[in-house]
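Chains, contacts and geometry: an overview
What follows is the residue order along each chain.
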Amino acid sequence: MYDPVQLRTFLTVAQTLSFTQAAARLGVRQSTVSQHVRRLEGATGRTLFVRDTHSVGLTEDGEALLGFARTILEAHERAAAFFTGTRLRGRLRFGASEDFVLTRLPEILEGFRHEHPEVDLELSVELSGTLHERLDAGRLDLVLAKRRGPGDERGRLVWRDRMVWIGAEGVRVDPERPVPLIVFPPPGITRARALEVLERDGRAWRIACTSGSLSGLIAAARAGLGVMAHTRGLIPPGLVRVGGLPELGPVEFALLQGRRPTPAAEALAAAVLAGGDRLSRPA
């Protein structure tokens, strides 16, 4: 009933919230993306996206279709792999940003391991800045990380969101005192963004906590030690948005492959792209 090509296009638009970015990632024209969405809306009899000249968002029916689309595509890919008889082997060094520790990335990796049991998957969880450095040095084969900032278009866009300030319930930032910051150590991309926007706004700041672990930062924030910059869609339980500070701007997460792409890396990249919407919400 539902064309896998149209479902893949639908998932890509849902992850990027942009017909233009979806077209770029799929390597097709924007008119083709629009056509696929229209045909899928015709097949379902429902409107899947609300869109205007400035934004794209999922409708309630679009949200409902996400799970069905993933299930159909995963079954389609399993059948294709079974009948083509292809079996991937070898070592795959995959790096994932700390941002995804508390998301449903483990489900995607579990599915990949089930489909490709002969691939030796090595997972590294690091800061995005560190992952970029290790990939450039040839020590990783595939990376899921934040892009370094505006103008960085490397890799395939997985998900776009905005960064916000968060802290414990009731935390207020005194405009007359330095902003108490909870940050990753260098070369954290989130850290660099937080310091950049505060300095551009002329706001004084001080480091209240530094940790290379996301769980360490969350614990400090829950204790009320200060505020931290974080992706809007992944705010941990017990923390809320904090106002009165300059806007942090958008953030993009992308998949980047090493200099010598391998079939195993491409297969895992395809699995992450197909399940990218699972990364946009906590587990």
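Below you will find a few notes about this structure.

About the criteria used
Residues numbered from 1 in each chain as written. Predicted model: local features only at pLDDT ≥ 70, side-chain atom pairs only at ≥ 80, totals over all residues. Heavy atoms only, no water. Helix = DSSP H or I, 4+ residues; strand = E, 2+ residues; numbered from the N terminus. Patch = residues over 30% accessible without salt bridge, like charges linked within 9 Å, V, L, I, M, F, W, Y side chains within 5 Å. Areas by Shrake-Rupley, 256 points an atom, 1.4 Å probe, with all protein chains shown as cover. Salt bridge = Lys/Arg side-chain N within 4 Å of Asp/Glu carboxyl O. Buried < 20%, exposed > 50% of the residue type's maximum accessible area, 1.4 Å probe, protein only. Pairing = 2+ DSSP bridges. Phe/Tyr/Trp six-rings, centres within 6.5 Å; stacked < 30°, edge-to-face > 60°.

Looking at the environment of Gly151
- Along the chain, Gly151 falls in the loop between strand 5 (142–146) and strand 6 (156–168).
- Linking Gly151 and Glu199, residues 48 residues apart in sequence, is a C-alpha distance of 21 Å.

What about a nonpolar patch on the surface?
- A cluster of nonpolar side chains, Val101, Leu102, Leu123 and Val125, forms an exposed patch at the surface whose accessible area comes to about 310 Å².
- Tracing the chain through its elements places Leu102 in the loop between strand 3 (90–97) and helix 5 (105–115).
- For Leu102, a relative accessible area of 44% gives the class partly exposed.

A short note on the pattern of salt bridges
- For the structure on display, the rule yields 15 salt bridges.
- Arg93 is the partner of Asp141 in a salt bridge, and the nearest nitrogen-oxygen pair spans 2.9 Å. Here Asp141, found in the loop between helix 6 (128–136) and strand 5, pairs with Arg93, found in strand 3; they are 48 residues apart in sequence, far enough to count as distant.
- Close ionic contact of Asp99 with Lys146 constitutes a salt bridge, the shortest N to O distance being 2.7 Å.

A word on the pairing of strand 9 (residues 228–231)
- Going residue by residue along strand 9, you find Met228 and His230 tucked away on one face and Ala229 and Thr231 tucked away on the opposite face as well.
- Examined bridge by bridge, strand 6 and strand 9 share four bridges and lie antiparallel to one another. When the bridges of strand 9 are listed, Val164 appears paired with His230.

Remarks on the packing of aromatic side chains
- Taken as a whole and assessed by the stated rule, the structure comprises five aromatic pairs.
- Relative to Phe49, the ring of Phe10 has its centre 5.5 Å away and its plane inclined at 50°; by these criteria the two rings are tilted. Of this pair, Phe10 sits in helix 1 (residues 4–16) while Phe49 sits in strand 1 (residues 49–51); the two residues are 39 residues apart in sequence, bridging distant segments of the chain. The same class applies to Phe10 as to Phe49, namely buried.
- Here the aromatic rings of Trp159 and Phe253 are separated by 5.1 Å at their centres, their planes lie at 15°, and the arrangement is stacked. Of this pair, Trp159 sits in strand 6 while Phe253 is found in strand 11 (residues 250–257), placing the two residues 94 residues apart along the sequence. Like Trp159, the residue Phe253 is buried in the burial classification.
- Among the aromatic residues, ring-to-ring pairing joins Phe10, Phe19 and Phe49 into one connected group.

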